[in-house]
Amino acid sequence: MTEVVVTLDLDGVTDKAGLMDRCARTLALPDWFGRNWDALADSLTDHGLWPGDSVERGLLVVVRNWRAYAEARPDEWRTAREVFSQATDEAPALTVALALGGTS
């Protein structure tokens, strides 16, 4: 059985608000999602918010087109990476991968 794959495409994201909006939309987070770093970390590790049968199969979040955001907001991107990393430490069935390809 393979992991459930969700693609978090950051094309056009220029700031933290845009990142939080994209995460909320892509990960289908509830309306009460706080759109801050702690809320993102909590949401990533809350199995109840994961799609379908990803708790049993595992969840792979592939982050694409992140370089422009990382260059525009390096401090925010550093924090985002820390949140992703900590979430994967706390939720072993979660993997977050940064796609290294171009913008396609």
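Look up a bit, the structure's there.
Residues numbered from 1 in each chain as written. Predicted model: local features only at pLDDT ≥ 70, side-chain atom pairs only at ≥ 80, totals over all residues. Heavy atoms only, no water.

### Considering the pattern of salt bridges
Right, so step 1: As enumerated under the stated definition, the model contains five salt bridges in all.
Right, so step 2: Here Asp75 makes a salt bridge to Arg78, at a shortest N to O gap of 2.8 Å. On the criterion of helical spacing, the pair formed by Asp75 and Arg78 is a turn pair, its members being three residues apart in helix H5 (residues 74–90).
Right, so step 3: Asp75 sits in the exposed class, given a relative accessible area of 54%. (Salt bridge = Lys/Arg side-chain N within 4 Å of Asp/Glu carboxyl O. Helix = DSSP H or I, 4+ residues; strand = E, 2+ residues; numbered from the N terminus. Buried < 20%, exposed > 50% of the residue type's maximum accessible area, 1.4 Å probe, protein only.)

### Observations concerning a negative patch on the surface
Right, so step 1: A cluster of like negative charges, contributed by Asp38, Asp42, Asp46, Asp89 and Glu90, occupies part of the molecular surface.
Right, so step 2: Contributions of two or more residues to the negative patch are made by helix H2 (37–45) and H5.
Right, so step 3: With respect to the element layout, Asp42 can be found in helix H2.
Right, so step 4: Among the residues examined, Asp42 registers a relative accessible area of 52% and is labelled exposed. (Patch = residues over 30% accessible without salt bridge, like charges linked within 9 Å, V, L, I, M, F, W, Y side chains within 5 Å. Areas by Shrake-Rupley, 256 points an atom, 1.4 Å probe, with all protein chains shown as cover. Lys, Arg positive; Asp, Glu negative; His and termini not counted. Charge placed at Lys NZ, Arg CZ, Asp CG, Glu CD.)

### Looking at the nonpolar core
Right, so step 1: Ranked by size, the top nonpolar core spans 30 residues in total, and within it Leu40 and Trp77 carry the most contacts.
Right, so step 2: Going through the elements one at a time, strand S1 (4–9), helix H1 (16–26), H2, strand S2 (59–64), helix H4 (67–72) and H5 are the ones with two or more residues in this core.
Right, so step 3: Per element, the largest residue contribution to this core is five residues, and it comes from H5.
Right, so step 4: In contact with Trp77, other than residues within four places in its own chain, are Leu10, Val63, Trp66, Tyr69, Ala70, Phe84 and Leu98. (Core = buried A, V, L, I, M, F, W, Y, C linked by side-chain atoms within 4.5 Å. Contact = heavy atoms within 4.5 Å.)

### Details of the side chain of Arg22
Right, so step 1: By secondary structure assignment, the location of Arg22 is in helix H1.
Right, so step 2: Despite its burial, Arg22 pairs with no opposite charge; the closest candidate is Asp9, at 4.8 Å N-O.
Right, so step 3: If we skip the residues at most four places from it in the chain, Arg22 touches Leu8, Asp9, Leu10, Asp11 and Val13.

### A look at unusual backbone geometry
Right, so step 1: Residue Ala28 is not a glycine yet carries a positive backbone phi of 55°.
Right, so step 2: Within the secondary structure layout, Ala28 lies in the loop between H1 and H2.
Right, so step 3: Within the chain, Asn65 stands out as a residue other than glycine whose phi angle is a positive 55°.
Right, so step 4: Relative to the helices and strands, Asn65 resides in the loop between S2 and H4.

Note that every value here comes from positions in space, so none of it alone points to a role or purpose.
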